[in-house]
Amino acid sequence: MSLTAGSRPDGTRPPAAVEEPTAAVAPAAAKDQVPRRTNKAGKTGKAGKVPWRIRLRRDRALILMTLPVIALLLLFNYVPLLGNVVAFQEYDPYVSSNGMTAIFHSPWVGVEQFSRMLDDPLFWSATKNTIVLFVLQLVLFFPVPIVLALVINSVIRPRVRAVAQAIMYLPHFFSWVLVVTVFQQILGGAGIIAQTLEKHGWSGFDLMTNADLFKYLVIGQSVWKDAGWGIIVFLAALSAVSTDLYEAAAMDGAGRWRRMWHVTLPALRPVIALLLVLRVGDALSVGFEQFLLQRWAVGAGASEVLDTYVWNVGIQNGDFSYAAAVGLVKGVIGVCLVLGANKVAHLLGEQGVYKK
């Protein structure tokens, strides 16, 4: 019997070797094996991605809970923005029986109100006071809650910490009328300090009517009233810091100040950046009621800010179009400041108000 090539002595052929997939075929096969996820509706999609219909049905309870808040936000914050159209008109509420329909009957004047604003020295005086007060608040008021939060966080006894936090947070619930009254009773001409000095032969003083020191007075009022709110925000951020980091730093020989610098402050950086961006965006809104209540005590030259200027021009004098123009410019500048400050926060490695 003759044997053919590749045959066995018994005449049978060995089984053919299984060929390995080539390198060109392997990626194609691996590409077909992308993990896919099947949702409840039977549709498949890439892993980790849920269709919006599924998310809508899953979160319908949360969406229903937020609908009233969204409705109030639209009604009181966004619908009134349509009234900014009067900034380009010579608005007269008496041209029609209805103030809303009077918008459609008022004559258009283009940018005349904005040109008038640039030529108004009272507007520039109010802008100057606003910027000066904002810078002072940023330098003198913004760091105070951070320092107080660090001090309270260093207190070992929880009961003492809770009492101190409650005392500092209590003035936040006071109205500006009560705050100004308290300062008047303490620092005014008939206040406790002035009367005590006069009884002992010293000359009294009236800090509430001192126009030169008014800017520092309002900073002190803001610190006393609102520093407690900032303390709660920063203490909440500090509560998320793991104690293991402090223990590891202590084992490496870091003292109290080094632990604060290398552990505590880096934990507060995101919150500080967020609040700083929001504060810069609110730079032209340094306060309304606080300055309006003390306007007549120190004069308009020291207490006039953009908010009180808009109220004085629009409400008292009835110049609604000019007041709307000033308010519109103030709002646009505020938006630009928020975007710019948020961009700076991104460059510094922080999230800011929103992500990149």
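Anything mentioned here points back to the structure above.
Given the structure is predicted, the values throughout are model-derived calculations rather than measurements.

A. Spotlight on the overall build of the protein. Looking only at helices and strands, one finds 18 helices and 2 strands in the protein. Taken across its 356 residues, the protein has 29% of its residues classed as buried. Look at the contacts in the protein between residues 6 or more apart in sequence, and 58% of them connect residues 24 or more apart. Counting every atom, the protein has about 23400 Å² of accessible surface; 66% of that belongs to carbon and sulfur.

B. The arrangement of the nonpolar core in detail. The biggest cluster of nonpolar side chains holds 20 residues, and the ones touching the most others in it are Leu133, Phe183, Met208, Phe214, Leu217, Val286 and Phe291. When residues of this core are traced back to their parent elements, those giving at least two are α6 (121–141), α9 (176–187), α11 (214–239), α13 (256–281) and α18 (320–347). Broken down by element, the residue count for this core peaks at 5 residues, all from α9. Not counting residues within four places of it along the chain, the set of residues in contact with Phe214 comprises Phe291, Gln294, Val298, Ala302 and Ser303.

C. Spotlight on the pattern of salt bridges. Within the structure shown, the criterion is met by 6 salt bridges. In this structure, the salt-bridge partner of Arg269 is Glu350, at a minimum N-O distance of 2.9 Å. Of the two residues, Arg269 sits in helix α13 while Glu350 sits in the segment after α18, which places them 81 residues apart along the sequence. On the basis of relative accessible area, Arg269 is assigned to the partly exposed category, the value being 44%. Residues Glu304 and Arg295 are paired through a salt bridge, measuring 2.4 Å at the closest nitrogen-oxygen approach. Residue Arg295 is classed as buried on the basis of its relative accessible area, which comes to 7%.

Conventions used here
- Residues numbered from 1 in each chain as written.
- Predicted model: local features only at pLDDT ≥ 70, side-chain atom pairs only at ≥ 80, totals over all residues.
- Heavy atoms only, no water.
- Helix = DSSP H or I, 4+ residues; strand = E, 2+ residues; numbered from the N terminus.
- Buried < 20%, exposed > 50% of the residue type's maximum accessible area, 1.4 Å probe, protein only.
- Contact = heavy atoms within 4.5 Å.
- Areas by Shrake-Rupley, 256 points an atom, 1.4 Å probe, with all protein chains shown as cover.
- Core = buried A, V, L, I, M, F, W, Y, C linked by side-chain atoms within 4.5 Å.
- Salt bridge = Lys/Arg side-chain N within 4 Å of Asp/Glu carboxyl O.

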